[in-house]
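Commentary on secondary and tertiary structure
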Amino acid sequence: MGGVGIEESSCHTLEMIPVDLEEEDYSPSDRPFPTAAHDASEEKKVVLEVSLSLAGFRLDQALAALLPDYSRSRLTVMIKEGAVQVDGMQMQPKTKLLGGETITATLTARAEETAFIAEDIPLDIMHEDDAIIVINKPAGLVVHPGSGNWTGTLLNGLLYRNPAVASLPRAGIVHRLDKDTTGVMVAAKTEAAQLALVRQLQARTMKRQYVALVRGLVKTDGAVDEPIGRHPRDRTKMAVLQDSVVAKPAKTYYRVMERFQYHTVLECSLDTGRTHQIRVHMQSVGFPLEADPVYGPSMTGIDAEVRNTFRAFNRQALHARKLTLDHPLDGKPRLFEAPIPEDLRDLIDFVAGL
């Protein structure tokens, strides 16, 4: 940031920044962000009159017509759970209506509507001041609410710790780690700080270094400069995609830290921040991260004890160890380092003895 602090008057420029919207690195304006959280226990009772035009319709069909903001599948569940009554009686989804009935429905907030609520989630705080908070994220903690993980995320914990960040896009989060990747992350506490961090991500001046345990012997330091996009067949995975208009540029540098008989410990750094970038890139060059359940190496043909140890680890052997940034308040560089977690240290010691 050239040693110049970010003035509060620049906050209004957040929405004006043109950003190459990355999966891992968030822009403050890349997706809508709720400005007010719903109470998870909030219920609303509605009374609906069945018009004659709906005569002959099944209850679930009629209810879908009367409540267009709710999916038919969700309404079917509500009917089966007894949250819907017709003339004071519980009916089945397939019950046909005559027209003229009164439907009483108790509506509860959808999961996505209750996602942005404060939750008392223990956080390992490495540093906190008026502008930023730096966290050592454990394995298993999802960064941001999404399908299948609407609660219990880092975002929920940040809202509990500092309710004021509810006014910020993604509660100040500007980048993320995969659920089972551990290590250092930063989030903003003010709009000015979020602007400063986003600018650093855009300029590639925020540096992130990871420790990765890969299977195979990496002979020299190097880089993988290959575009990454959604896997063409398995939409839950990412892949290196050549000649694809949907793939985004991605570059990963790696440096050999230690070699063993069957494995190598690498220090990886990112020039971009795509979803699963290190995992996909290292797999693409023949050195997959050990124990990675999605992109990892085969478990067949290896000793049972070794195989069981890898399976017990049950996550990619990847840790975000260092984060270097210019502090939003004074522009001075700061280095934050999260120690390698015990389970990854134990795994490295284990493969060192093979």
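Bear in mind that the values here come from a model prediction, so they are computed numbers and not experimental data.

Secondary structure summary: the chain contains 7 helices and 15 strands in total. Across the 354 residues of the chain, 48% fall into the buried class. Taking the intrachain contacts of the chain between residues at least 6 apart in sequence as the baseline, contacts between residues at least 24 apart amount to 67%. Carbon and sulfur atoms make up 50% of the accessible area of the chain, which totals about 17,000 Å².

The full count for this structure, using the stated rule, is 1 aromatic pair. On the numbers, 6.3 Å between centres and 90° between planes, the contact of Phe 310 with Phe 350 is edge-to-face. Here Phe 350 lies in helix α7 (residues 342-352) and Phe 310 lies in helix α6 (residues 304-313), a separation of 40 residues in the sequence. Phe 310 gets classed as buried once you look at its relative accessible area, which sits at 2%. On the basis of relative accessible area, Phe 350 is assigned to the partly exposed category, the value being 21%.

All told, the structure shown has 12 salt bridges when counted by the stated rule. When salt bridges with common partners are traced through the structure, they connect Arg 255, Glu 267, Arg 321 and Glu 337 into a single cluster.

The 4 strands lie next to each other as β1-β4-β2-β3, forming an open sheet whose pairing is antiparallel. Single-partner strands in this sheet number two, and they are β1 (43-49) and β3 (89-90). With 3 bridges connecting them, strand β2 (residues 84-86) and strand β4 (residues 102-108) associate as antiparallel partners. Within β4, the residue paired with Val 86 across the bridge is Ile 103. Across the sheet, helix α2 (residues 72-80) lies against β2, β3 and β4, angled at about 105° from β4, the strand it touches most.

When pLDDT is averaged along the chain, the result is 88, and 86% of the positions lie at 70 or above. Every residue in residues 1-23 scores below 50 in pLDDT, and together they form 49 contacts with partners more than four places removed in sequence or on other chains. Taken as a whole, residues 27-41 scores under 50 in pLDDT and shows 33 contacts with residues more than four places along the chain or in a different chain.

Moving on, we get to the side chain of His 175. Structurally, the position occupied by His 175 is in the loop between α3 (154-161) and β7 (182-188). Among the polar contacts made by the side chain of His 175, one reaches the main-chain amide nitrogen of Val 186 at a distance of 3.1 Å.

In this section: the pairing of β7. Regular strands place their side chains on alternate faces of the sheet. Counting buried positions over the 7 residues of β7 gives 7, a clear majority of the element. As defined by bridge partners, strand β6 (residues 132-137) adjoins β7 across 6 bridges and the pair is classed as antiparallel. Its bridge partner lying in β7, Asn 136 is registered against Val 184. Looking at chain direction, β7 and strand β14 (residues 318-326) are connected through 2 bridges and run parallel. Opposite Gly 183, over in β14, you have Ala 320 as the bridge partner.

Helix packing for two helices is described by the angle between their axes and how far apart those axes are. In the contact formed by α6 and α7, the axes pass within 11 Å of each other and the chain directions differ by 165°. Classed by the angle they form, the pair α6 and α7 counts as roughly antiparallel. Crossing handedness for the pair α6 and α7: left-handed. Counting all contacts with α6, which are made through Glu 305, Val 306, Thr 309, Phe 310 and Phe 313, the residues of α7 involved are Asp 343, Leu 344, Leu 347, Phe 350 and Val 351. Considering only residue class, the contact of α6 with α7 consists of 7 nonpolar, 1 polar and 2 charged.

The next point concerns the pairing of β14. Burial analysis of β14 places 7 of its 9 residues in the buried class, the great majority of the element. In terms of strand pairing, strand β8 (residues 207-215) meets β14 through 6 bridges, oriented antiparallel. Within the sheet, the bridge partner assigned to Arg 208 lies in β14 and is Leu 323. In the sheet, β14 pairs with strand β15 (residues 333-337) via 5 bridges, with the strands oriented antiparallel. The partner of Leu 325 across the bridge, within β15, is Arg 334. Connecting the antiparallel pair β14 and β15 is a turn made up of 6 residues, with Gly 331 showing a positive phi of about 75°.

Let us now look at a negative patch on the surface. Judged by side-chain charge, Glu 258, Glu 342, Asp 346 and Asp 349 come together as a negatively charged surface patch. Here the element with the most residues in the negative patch is α7; it accounts for 3 residues. Among the secondary structure elements, Asp 346 is positioned in helix α7.

Moving on, we get to the packing of helix α1 (residues 59-66) against α2. Packing of α1 against α2 brings their axes to within 9 Å, and their N-to-C directions diverge by 120°. When the interaxial angle is binned, α1 and α2 end up oblique. Relative to α2, α1 is oriented so that their crossing is right-handed. Of α2, the residues touching α1 (which contributes Leu 59, Asp 60, Gln 61, Leu 63 and Ala 64) are Arg 72, Leu 75, Thr 76 and Ile 79. The residue makeup of the contact of α1 with α2, split by class, is 5 nonpolar, 2 polar and 2 charged.

Criteria and cut-off values
Residues numbered from 1 in each chain as written. Predicted model: local features only at pLDDT ≥ 70, side-chain atom pairs only at ≥ 80, totals over all residues. Heavy atoms only, no water. Helix = DSSP H or I, 4+ residues; strand = E, 2+ residues; numbered from the N terminus. Buried < 20%, exposed > 50% of the residue type's maximum accessible area, 1.4 Å probe, protein only. Contact = heavy atoms within 4.5 Å. Areas by Shrake-Rupley, 256 points an atom, 1.4 Å probe, with all protein chains shown as cover. Phe/Tyr/Trp six-rings, centres within 6.5 Å; stacked < 30°, edge-to-face > 60°. Salt bridge = Lys/Arg side-chain N within 4 Å of Asp/Glu carboxyl O. Pairing = 2+ DSSP bridges. Axes fitted to C-alpha atoms, helices over the stretch in contact; angles between N-to-C directions. pLDDT = per-residue confidence, 0-100. Polar contact = N/O pair within 3.5 Å; in protein donor to acceptor, adjacent residues only side chain to side chain. Parallel < 35°, antiparallel > 145°, perpendicular 65-115°, else oblique. Left-handed = near helix turned anticlockwise from the far one by under 90°. Nonpolar A, V, L, I, M, F, W, Y, C, P; charged D, E, K, R; others polar. Patch = residues over 30% accessible without salt bridge, like charges linked within 9 Å, V, L, I, M, F, W, Y side chains within 5 Å. Lys, Arg positive; Asp, Glu negative; His and termini not counted. Charge placed at Lys NZ, Arg CZ, Asp CG, Glu CD.

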